[in-house]
Amino acid sequence: MSNHFIQKTWVIADFEMRKIMHDPTEILLRAVQPTLWLLIFGQVMARMHMMPGGNYLDFMSPGILAQSVLFVSIFYGITIIWEKDLGITHKFLVTPTSHNALVLGKALSAGIRCIPLMIIIYILAALLSVHIIWNPLHIIGVLVLLVLGAILFSTFSLIIACLVKTRERFMGIGQLMTMPLFFASNAIYPINIMPGWLKVLSHINPLTYMIDGMRALMTGAPTGFSLITDYTVLLLSSALMVLIGGALYRRVVL
Amino acid sequence: MSIIETKKLTRVFNEYAAVNGLDFNIEARETFALLGTNGAGKSTVIKMLTTLLPPTSGEAYIGGFHLVKESEKIRRIIGYVPQMLSVDGSMTAIENLMLFAKLYDIPSKECKPRVMELLDFMGLTADAKKPVRTYSGGMTRKLEIAQSILHRPSVLFLDEPTVGLDPVARKAVWDHIIQLREQYKTTILLTTHLMDEADGLCNRIAFMSHGKLVASGTPQELKDSIHKEGSTLEDVFIHYTADLPPQETASTERSDIHNVSKPTAL
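Here goes a summary of the coordinates provided. (Residues numbered from 1 in each chain as written. Chains lettered and ligands numbered in written order. Predicted model: local features only at pLDDT ≥ 70, side-chain atom pairs only at ≥ 80, totals over all residues.)

### Some details on the overall build of chain A
Move 1: Within chain A one finds 12 helices and 0 strands.
Move 2: Ordering the α and β elements of chain A from the N terminus gives α-α-α-α-α-α-α-α-α-α-α-α.
Move 3: The C-alpha radius of gyration computed for chain A amounts to 18 Å, which stays within 12% of the reference 18 Å derived for 254 residues, consistent with globular compactness.
Move 4: With the principal axes as the frame, chain A shows a C-alpha extent of 60 × 35 × 35 Å.
Move 5: Scored against the burial criterion, the 254 residues of chain A give a buried share of 46%. (Helix = DSSP H or I, 4+ residues; strand = E, 2+ residues; numbered from the N terminus. Rg over C-alpha atoms; globule rule 2.2 N^0.38 Å. Buried ≥ 20, exposed ≤ 12 C-beta atoms within 10 Å, placed from the backbone.)

### Notes on the interface of chain A and chain B
Move 1: Residue-level contacts link 19 residues of chain A with 24 residues of chain B.
Move 2: Breaking the side of chain A that touches chain B down by element, the ones donating at least two residues are α1 (3-22) and α6 (88-94) of chain A.
Move 3: With 6 residues, the single largest contributor to the side of chain A that touches chain B is α1(A). (Contact = placed C-beta atoms within 7 Å.)

### Some remarks on the pairing of strand β7 (residues 155-159) of chain B
In summary, the side chains of a regular strand alternate between the two faces of the sheet.
All names here are of chain B.
Move 1: Taken across its 5 residues, β7 has 5 buried, putting it largely inside the fold.
Move 2: Neither face of β7 is left uncovered, since the one carrying Val 155, Phe 157 and Asp 159 and the one carrying Leu 156 and Leu 158 both have all their residues buried.
Move 3: When strand β6 (residues 78-81) meets β7, the two strands line up parallel, connected through 4 bridges. By the bridge assignment, Val 81 is partnered in β7 with Leu 158.
Move 4: Looking at chain direction, β7 and strand β8 (residues 187-191) are connected through 5 bridges and run parallel. Bridging across to β8, Leu 156 finds its partner in Ile 188.
Move 5: With helix α6 (residues 167-184) bridging β7 and the parallel β8, this β-α-β connection has right-handed handedness. (Pairing = 2+ DSSP bridges. Right-handed = clockwise from strand over helix to strand, strands pointing away.)

### Regarding the environment of Thr178(A)
All names here are of chain A.
Move 1: Here Thr 178 is to be found in helix α9 (residues 167-183).
Move 2: For Thr 178, a count of 16 C-beta atoms within 10 Å translates into the label partly exposed.
Move 3: In the structure, Thr 178 is positioned 107 residues away from Phe 71 in sequence and 7.0 Å away in space, judged by C-alpha atoms.
Move 4: Other than its neighbours up to four places away in sequence, Thr 178 contacts Leu 70, Phe 71 and Ile 74.

### Focus: unusual backbone geometry
Among all residues except glycine, the phi angle is most often negative; among peptide bonds, the trans geometry is most common.
Residues and elements named next belong to chain B.
Move 1: Positive phi, close to 50°, is recorded for Lys 8, a residue that is not glycine.
Move 2: Mapped onto the elements of the fold, Lys 8 is located in strand β1 (residues 4-13).
Move 3: Backbone geometry at His 227 places phi at a positive 50°, although glycine is not the residue there.
Move 4: Its location among the elements puts His 227 in the loop between α8 (219-225) and α9 (233-241).
Move 5: The exposure class of His 227 is exposed, given the 8 C-beta atoms found within 10 Å.

### So, the packing of helix α7 (residues 99-127) of chain A against helix α12 (residues 227-248) of chain A
Residue and element names in this part refer to chain A.
Move 1: In the contact formed by α7 and α12, the axes pass within 8 Å of each other and the chain directions differ by 125°. Comparing their axes, α12 and α7 come out oblique. Along this stretch, α7 crosses α12, giving a crossing that reads as right-handed. Across from His 99, Asn 100, Val 103, Leu 104 and Ala 107 in α7, the residues of α12 making contact are Val 242, Leu 243, Gly 245 and Gly 246.
Move 2: Taken together, the residues of the contact of α7 with α12 sort by class into 5 nonpolar, 4 polar and no charged. (Axes fitted to C-alpha atoms, helices over the stretch in contact; angles between N-to-C directions. Parallel < 35°, antiparallel > 145°, perpendicular 65-115°, else oblique. Left-handed = near helix turned anticlockwise from the far one by under 90°. Nonpolar A, V, L, I, M, F, W, Y, C, P; charged D, E, K, R; others polar.)

### Let's talk about the pairing of β1(B)
Residue and element names in this part refer to chain B.
Move 1: Inspection of the sheet shows β1 paired to strand β2 (residues 16-26) by 7 bridges, in the antiparallel sense. Paired with Val 12 across the strands is Ala 17, a residue of β2.
Move 2: Between the antiparallel neighbours β1 and β2 lie 2 residues, among them Asn 14 with a positive phi of about 45°.
Move 3: Relative to strand β4 (residues 57-62), β1 runs antiparallel, the two being bridged by 5 bridges. Bridge pairing in β4 places Glu 5 opposite Tyr 61.

### Thoughts on the sheet that holds β6(B)
Residue and element names in this part refer to chain B.
Move 1: Reading across the sheet, the 6 strands line up as β6-β7-β8-β3-β9-β10 and stay open at both edges, with mixed pairing between neighbours. Taken across any chain shown, the strands that pair with only one partner, and hence form the sheet edges, are β6 and β10 (212-217). Pairwise comparison of adjacent strand axes, ignoring direction, gives a mean angle of 15° for this sheet.
Move 2: Strands β3 (31-36), β7, β8 and β9 (204-209) of the sheet are contacted by helix α1 (residues 42-49), whose axis makes an angle of about 150° with β7.
Move 3: Relative to the sheet, helix α5 (residues 137-148) contacts β6 and β7, its axis offset from that of β6 by approximately 160°.

### A closer look at the sheet that holds strand β5 (residues 65-66) of chain B
Residue and element names in this part refer to chain B.
Move 1: Taking strand neighbours across the sheet as the criterion, the 4 strands line up as β2-β1-β4-β5 in an open arrangement whose pairing is antiparallel. Both edges of this open sheet fall to β2 and β5, since each of them pairs with a single strand only.
Move 2: Helix-sheet contacts for α1 involve β1, β2 and β4, and the interaxial angle to β2 is about 65°.

### What about the nonpolar core?
Move 1: Counting residues in each nonpolar core, the largest one holds 143 residues, and the members touching the most others are Ala66(A), Ala150(A), Met214(A), Ile62(B), Leu97(B), Phe157(B) and Leu189(B).
Move 2: Among the elements that take part in this core, helix α8 (residues 136-164) of chain A stands out by supplying 15 residues, more than any other. (Core = buried A, V, L, I, M, F, W, Y, C linked by C-beta atoms within 7 Å.)

### Regarding helix α11 (residues 206-219) of chain A
Residue and element names in this part refer to chain A.
Move 1: In this model, α11 (14 residues) spans 20 Å end to end at C-alpha, consistent with the 20 Å of a helix rising 1.5 Å per residue.
Move 2: Taking burial as the measure, the 14 residues of α11 include 14 buried ones, the bulk of the element.
Move 3: A positive backbone phi angle near 75° is found at Gly 220, which sits one or two residues after α11. (Expected span 1.5 Å × (residues − 1).)

Given below as structure tokens:
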């Protein structure tokens, strides 16, 4: 990767962040959903004692963190379509900027957008006496997984946006994908209690690996795979998404 | 050598030739207008020449660079203002300009002075720190033009630059286009539906109809060409583009109408 590529990527991410700083209400509103999951769903489920020997909230908090990353990122494509409708994308594409840098820059900003959610969920989890590992290396590890996951799902979303091109179709597909990705993962229940077919699906779902890594680093739970596997799956799948996204990005204006 | 040269430039959408075998040249420092009915193919020409849309066949050169093989080099010498008002409303004018200054690889030391220079040039300095969503249509358009000339392009593409603006704002945009042409010696290709805009701003005009060029020349040549006493550009427009068979009156872009061959004035 050349310096030039990194610099352009950063320019895009930097300006996306400035937009968030101008109006942080979006971030606060985004925090409502994970809060409800933890405070209501989590509290009720914890009373069912379905985790023998474990605390359900410990199990669920990293899942909810990953879930909020998924929900924020999977609708990122709507921004891409909105920018296309406004003509902003046209102007980006007319600059001498590599399409991969444009796509990665936008994906990175989706990751940065999720950082406040991470802070809020950590604080909430601490208040709910979740057993959190405060070792800075673990926190950085979770952060890296969060950014990688956001890159992965936001670019996946961008790819769909480039293919469907209209907001209406995109919203339909976005809704269609979110729940299957979420339910076919280890976010709110462990893989070993899943029926066989769902186990298979959860193994090809990158969200599972993101949660597996986050759970190990955030609460010290044993990993289902290994941290190396988790990071490798996320890194490779997000790199693949960025390459496909970069190749398709110009199609959004056609 | 002409700064823009197209040879049989063609773009087909689902078997419909939106642009069909276009041949024209634009010389450096000309202001050239592309006129025609809605769906005539003007925007498709602009999208191809700005490297957004690959041509189906034919060739074009901008500043001597091949449109497809050297698109990256072309992007460094052209500026583009799309038809839609396309700035990011959540950012300030300075931020909108700084973003593009950086995307155009302007050295970081030079970014700020150049942004300030162009804000001043467009008369936007007083509102430079306001979010652009508070701007009027005219101010937004001026900001967009500033954004498109940050890297001092030699060719500027303006796709209906004054669409939706009130007469005062329109006049202001025209004045800025004239000033910018003088000051930065830019070649301009614009599309418009306003005949006085084409007449007043451009030294050469081409008419498109159904993806083909049907007439071109200076405004005066075109007015003379229809042999009518006291003819205006509007008469010329109607003369060259309005003789449609009845089923072709729909004005949707890229309608499924096939090209009719007709005598050209070229």
